[in-house]
Amino acid sequence: MGSEGIAWRAQECTDAAPRLAVWRNSGVANRDVHARRSHGRTYEHEHRCVPASLVAMNAHFVRFSRHTLVAVLATGSIYARNIILLPVLTRSLSQADYGAWVQVVGLVDLLSNLACLGLGAALVRFVPRSRKAHTLADDVTSGLVVGLAAGSAMALLMLPVAPRLAGLFLRSDHYVPLLRVMVLAVPFGTLASLMLVYFKGSRKILTYSVLLILEAWGVVALALALIQRGWGVYGVVASLLLFKGLVCATAAFLLWRQRCLAMPSFTAIPGFLRYSLPLLPLGVFQMINNVGDRYIISLYWEPQAAGVYAVSYAVGSLVGLAFAPVFYVLGPALAEAWEDQREGDIREYFRYAQKYSLLLALPATAVLALFHTPIITLLSTSRYLASPYVVICVALGIMLMNVSAMAEILLHLQERTRVIPVILGSCAMVNIIANLLIIPRWGYYWAAVTTLATYGLQFLLTCLRVRSANLFSLNTGCLIQSGLATLCLILVVRLSGTETWVPMVRSLLSGGVSYVVALYLLGSFEQREWILLRSVLNHGRN
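The residue numbering used here restarts from 1 in each chain and proceeds along that chain's sequence as written. Local features in this predicted model are restricted to residues whose pLDDT is 70 or higher, and side-chain atom pairs enter the listing and the counts only when it is 80 or higher, whereas totals over whole chains, interfaces and linings include all residues. To obtain the side-chain values, all non-hydrogen atoms of the structure were included, while hydrogens and water were left out.

*Asks:* Can you tell me about the environment of Val-124, naming the residues and giving the values?
*Replies:* Labels follow the DSSP assignment, with helices taken as runs of H or I lasting at least four residues and strands as runs of E lasting at least two, numbered in each case from the N terminus. Tracing the chain through its elements places Val-124 in helix H3 (residues 119-133). Spatially, the C-alpha atom of Val-124 lies 7.1 Å from that of Gly-331, the residues being 207 residues apart in sequence. A contact between two residues is defined here by any heavy atoms of the two lying within 4.5 Å. Once residues lying within four places of it in the same chain are set aside, the contact partners of Val-124 are Val-197, Lys-200, Gly-201, Gly-331, Pro-332 and Ala-335.

*Asks:* Outline the environment of Tyr-175, supporting the account with residue identities and numerical values.
*Replies:* Tracing the backbone shows Tyr-175 in the loop between helix H5 (162-170) and helix H6 (176-183). The sequence separation of Tyr-175 and Val-104 amounts to 71 residues, and the corresponding C-alpha distance is 9.1 Å.

*Asks:* Quick rundown of the side chain of Ser-312? Include the residues and the values.
*Replies:* Take Ser-312: it is sitting in helix H11 (residues 282-317). Residue classification places Ser-312 among the buried residues on the basis of a relative accessible area of 0%. Relative accessibility thresholds used throughout: buried, under 20% of the residue-type maximum; exposed, over 50%; partly exposed, between the two (1.4 Å probe, protein chains only).

*Asks:* Please give an account of the nonpolar core that cites residues and values.
*Replies:* Counting residues in each nonpolar core, the largest one holds 158 residues, and the members touching the most others are Tyr-98, Trp-101, Tyr-309, Phe-323, Leu-330 and Met-406. The biggest single contributor to this core is H11, with 16 residues. To qualify as a nonpolar core, a set must consist of buried Ala, Val, Leu, Ile, Met, Phe, Trp, Tyr and Cys residues joined through side-chain atoms within 4.5 Å.

*Asks:* How would you explain the environment of Val-183 if you had to name every residue and give the values?
*Replies:* By the element assignment, Val-183 lies in helix H6. Expressed as a C-alpha distance, the spacing of Val-183 and Leu-156, which sit 27 residues apart in the sequence, is 8.5 Å. If sequence neighbours within four positions are ignored, Val-183 has contacts with Val-108, Ala-155, Met-158 and Leu-159.

*Asks:* Any details on unusual backbone geometry? Residues and values, ideally.
*Replies:* Phi is positive for Arg-259, which is not a glycine, with a value near 60 degrees. The exposed category is assigned to Arg-259, whose relative accessible area is 74%.

*Asks:* Break down the packing of helix H16 (residues 419-442) against helix H17 (residues 447-466) for me, with residues and values.
*Replies:* Angle between the axes and distance between the axes are the two parameters that describe a pair of packed helices. In contact at an axis separation of 9 Å, H16 and H17 are set at 160 degrees when each is read in the N-to-C sense. Taken together, the axes of H16 and H17 are roughly antiparallel relative to one another. Here the hand of the crossing between H16 and H17 comes out right-handed. For the pair formed by H16 and H17, the contact residues are Val-419, Ile-423, Leu-424, Cys-427, Val-430, Asn-431, Ala-434, Asn-435, Ile-438 and Ile-439 on the first element and Ala-447, Thr-450, Thr-451, Thr-454, Leu-457, Gln-458, Leu-461, Thr-462 and Arg-465 on the second. When its residues are assigned to classes, the contact of H16 with H17 shows 11 nonpolar, seven polar and one charged. The angle between two axes is taken between their N-to-C directions and runs from 0 to 180 degrees, where each axis is a line fitted to C-alpha atoms and a helix contributes only its stretch in contact. Here roughly perpendicular refers to angles of 65 to 115 degrees, roughly parallel to angles under 35, roughly antiparallel to angles over 145, and oblique to all remaining angles. A clockwise turn of the near helix away from the far one marks a right-handed crossing, whereas an anticlockwise turn of less than a right angle marks a left-handed crossing. When residue character is reported, Ala, Val, Leu, Ile, Met, Phe, Trp, Tyr, Cys and Pro are called nonpolar, Asp, Glu, Lys and Arg charged, and the others, Gly included, polar.

*Asks:* Pulling in residues and values, what's your account of H17?
*Replies:* For an α-helix the count is 3.6 residues per turn, leaving residues at separations of three or four pointing the same way. With 20 residues, H17 ought to run about 28 Å at 1.5 Å a step, and its terminal C-alpha atoms sit 29 Å apart, in line with that. For H17, the full list of buried residues reads Ala-447, Ala-448, Thr-450, Thr-451, Thr-454, Tyr-455, Gln-458, Phe-459, Thr-462 and Val-466. In this scheme, a helix's expected span is set at 1.5 Å multiplied by one less than its residue total.

*Asks:* Tell me about a nonpolar patch on the surface, and please be specific about residues and values.
*Replies:* In this scheme, patches are assembled from residues that exceed 30% relative accessible area and form no salt bridge. Like charges are connected within 9 Å, while nonpolar side chains (Val, Leu, Ile, Met, Phe, Trp, Tyr) are connected within 5 Å. Throughout, the Shrake-Rupley method with a 1.4 Å probe supplies accessible areas, and for residues the shown protein chains are the sole cover considered. Salt bridges are identified by distance alone: a Lys or Arg side-chain nitrogen within 4 Å of an Asp or Glu carboxyl oxygen. Taken together, Leu-299, Tyr-300, Trp-301, Ile-432 and Leu-436 make up a surface patch of nonpolar side chains, about 450 Å² in accessible area. Of all the secondary structure elements, the ones that give two or more residues to the nonpolar patch are H11 and H16. Sorting elements by how many residues they give to the nonpolar patch places H11 first, with three residues. Relative to the elements of secondary structure, Ile-432 occurs in helix H16. Under the relative-accessibility criterion, Ile-432 is labelled partly exposed at 33%.

*Asks:* How would you summarise H16 if you had to cite specific residues and measurements?
*Replies:* For H16, with 24 residues, the first-to-last C-alpha span of 34 Å sits near the 34 Å given by 1.5 Å per residue. Bending of H16 peaks at approximately 25 degrees at the position of Asn-435. Gly-443, located one to two residues past H16, shows a positive phi value of around 110 degrees. Bend, in this description, refers to the angle at a residue between axes fitted to the seven residues ending there and the seven starting there.

*Asks:* Which residues make up the pattern of salt bridges, and what values go with them?
*Replies:* For the structure shown, the criterion picks out six salt bridges. Here Lys-244 ties to Glu-215 by a salt bridge, and the two come within 3.2 Å at their closest N and O atoms. Separated by 29 residues along the polypeptide, Lys-244 in helix H9 (residues 233-257) and Glu-215 in helix H8 (residues 205-228) bring together distant segments of the chain. A relative accessible area of 23% places Lys-244 in the partly exposed class. Its relative accessible area of 6% is what places Glu-215 among the buried residues. Between Asp-340 and Arg-342 there is a salt bridge, and its shortest N-O distance comes to 3.7 Å. What makes Arg-342 buried here is its relative accessible area of 3%. If you follow the salt bridges from partner to partner, you end up with Glu-336, Asp-340, Arg-342 and Asp-345 in one network.

*Asks:* Please give an account of the packing of helix H13 (residues 343-370) against helix H18 (residues 476-496) that cites residues and values.
*Replies:* Running from N to C, H13 and H18 cross one another at 25 degrees; their axes reach a closest spacing of 9 Å. As the angle between them shows, H13 and H18 are arranged roughly parallel. Helix-helix and strand crossings are classified by hand; for H13 and H18 the assignment is right-handed. The segment H13 lies against H18, with Lys-355, Leu-358, Leu-359, Leu-362, Pro-363, Ala-366, Val-367 and Leu-370 engaging Cys-478, Leu-479, Ser-482, Gly-483, Thr-486, Leu-489, Ile-490, Val-493 and Arg-494. For the contact of H13 with H18, a count of residues per class yields 12 nonpolar, three polar and two charged.

*Asks:* Could you give an account of the packing of aromatic side chains, with specific residues and numbers?
*Replies:* Here a pair means two rings of Phe, Tyr or Trp (six-membered ring of Trp) with centres within 6.5 Å. Their orientation is stacked below 30 degrees between planes, edge-to-face above 60, and tilted elsewhere. If you walk through the whole model with that rule in mind, you get eight aromatic pairs. With a centroid separation of 6.1 Å and 35 degrees between ring planes, the pair formed by Phe-253 and Trp-256 is classed as tilted. Linking Phe-253 with Trp-256, this pair stays in helix H9, spanning three residues, or about one helical turn. A residue is classified by how much of its surface remains accessible, and Phe-253, at 43% relative accessible area, is partly exposed. Three or more aromatic residues joined by ring pairs form one cluster here, namely Phe-126, Phe-272 and Tyr-275.

Rendered as structure tokens:
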């Protein structure tokens, strides 16, 4: 991390005491001398030297770190739900049925994102401002009503065109009922998404996480029960619909208890839409970049190939778990810091977010690639085995996409929302053209290469657009250190052997230990981070 923002300085005490580390906040809005009260004492950071163990940690970063730890539980539950449902679906469905299911879920997610009209991003961006203006209840209720109306209209429009879509992409009218039932999830998905986004934007991360955990594990439990009773894929559909509705009802009750619901006047909606409507095409572009390759594979190689590719894509996408908890808290924290003009904190948020995500993502990529065969066999069957290079390309692409998404938050803060669709639209066009040229000629495995290239282009274009603000920069030091430590992990795993489960577990543990030791020797862990960790863990008792 750089010298700007939150920085540790060693200062000489006036009484010739030894040099002691002190916490200094040098952000733009915090440069004045100030005092912070902690444990009943006041420390004046600019004039006094205190032991590092007694220095009060910056409250913003303690809160950020604690919220990130809570978000780990929520994101872990979502990924666990997907991992548990993956073997259930792949073992109980044919390859063609599973490929159709993947495409139907992708379509419903797209429709829900479109129906939100980008209002979720507007709520995250403007919740701090609405709270200051005392219009929060009106703004939230107005956004929910508009989103629900758009989601309902979207579902009604999709019902009559379901047969045409099933014939075009799924190659069978057999999937028309599935598509029509799943479309009913669009209004629930839209409303639940906007409600959850409010809790995230207002930094009520515990409430946000509990609702996500409720939905994730509720869907798993009910889906498993219904599948055992012979419901098949419709058991998963029923579970999704039921718990989406339950989340909507619970979130509405919590909003009512917190006095965040009122008769809507829609006065804020024009301003919200001016901000959010340029983001409306993002749902289409993100779908093209995320799942568009599976539709093209189905056109040229049948749905079975899309199912095989989708399993390897899902395994590579597990790398996203290293970034997901950070995104639950990063946007709202940055919006609050932006409104308070704490530029130093903004730089440090970006550095923290990159560092710990990359420290987990790079070794995860190596592990997923080294153990791709047993992982896929465990989660599905050997029928879904594909090249390990699919997992590697997808995982690296997901990493680049997440880092570029961090930089993209800066464009949201600057309200330059018209730039974002241009970037993602360009990437989507490149993705479509590349897949149409490569997949028919060289095979569907090469779709993973186009995924990596697409997200690499997105990363490059986004970083170029935010470079002038001088608030976001790639944490290259952490990237190099993590890369070197990952090489040690790969070497240890290769030498340990991976023939059976016992050697695999032993080699994985040995590789993990070697990775942490290598990071320690490379100086990746700093004293201030240990003190921050202690402050986070002790925060509730102070």
